[in-house]
Amino acid sequence: MLVILHNPRCWKSRKWLEILKNSWLDFEIREYLKNSLSLEELKELQKKLWLKAIEFTRVKEKEFKQAGLTKESSDEEILQAMVKFPKLIERPIVYNEEKAVLWRPDPEEKISKFLDNLK
């Protein structure tokens with residue numbers, strides 16, 4: 001089953017949701033600001049994304065500095081801050097048991113490739 005980490009206030013997240021609703025796929029919506037991810041879930045997500053934690057972190061949020069983070073912070077420090085401040089998680093992210101995709105950069109290409117690989 002696919003899961004979308006969704007923020008209803010984000011237009012990119014709403015766009016991904018629209019694409020999923022118009023697809024043949026079953027999916028679940030997880031409003032991660034209301035239902036935050038655990039450290040273990042974030043570590044698993046990071047493995048699926050094949051990214052460093054900083055690469056799916058919203059570094060311009062005030063919570064980034066509030067958490068004492070810098071762009072040189074370790075993955076562990078960043079992931080722990082994401083647990084405390086879920087707003088730091090870049091969005092939208094869609095994932096399943098095996099893989100995940102972050103809609104940044106080149107969203108159209110990433111969406112097509114990700115969905116094609118699920119068929």
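For the structure, check the block above.
Definitions and cut-offs
- Residues numbered from 1 in each chain as written.
- Predicted model: local features only at pLDDT ≥ 70, side-chain atom pairs only at ≥ 80, totals over all residues.
- Heavy atoms only, no water.
- Pairing = 2+ DSSP bridges.
- Helix = DSSP H or I, 4+ residues; strand = E, 2+ residues; numbered from the N terminus.
- Right-handed = clockwise from strand over helix to strand, strands pointing away.

Engineer: What should I look at first to understand the pairing of strand E2 (residues 27-30) in this one?
Structural biologist: Two faces, one strand: in a regular strand the side chains alternate between the faces of the sheet. As paired elements, strand E1 (residues 2-5) and E2 share 4 bridges and run parallel to each other. Across the sheet, residue Leu2 finds its bridge partner in E2, namely Phe27. Regarding topology, helix H1 (residues 11-21) serves as the crossover connection from E1 to the parallel E2, and that connection is right-handed.

Engineer: What am I meant to see in unusual backbone geometry here?
Structural biologist: Working note: non-glycine residues mostly have negative phi, and peptide bonds are mostly trans. A cis amide bond, omega -10 degrees, links Arg91 with the succeeding residue Pro92. Considering the arrangement of structural elements, one finds Pro92 in the loop between helix H4 (75-84) and strand E3 (93-95). In this model, Trp50 sits at a positive phi of 60 degrees, which is unusual for a non-glycine residue. As for its placement among the helices and strands, Trp50 is situated in the loop between helix H2 (39-49) and helix H3 (62-66).

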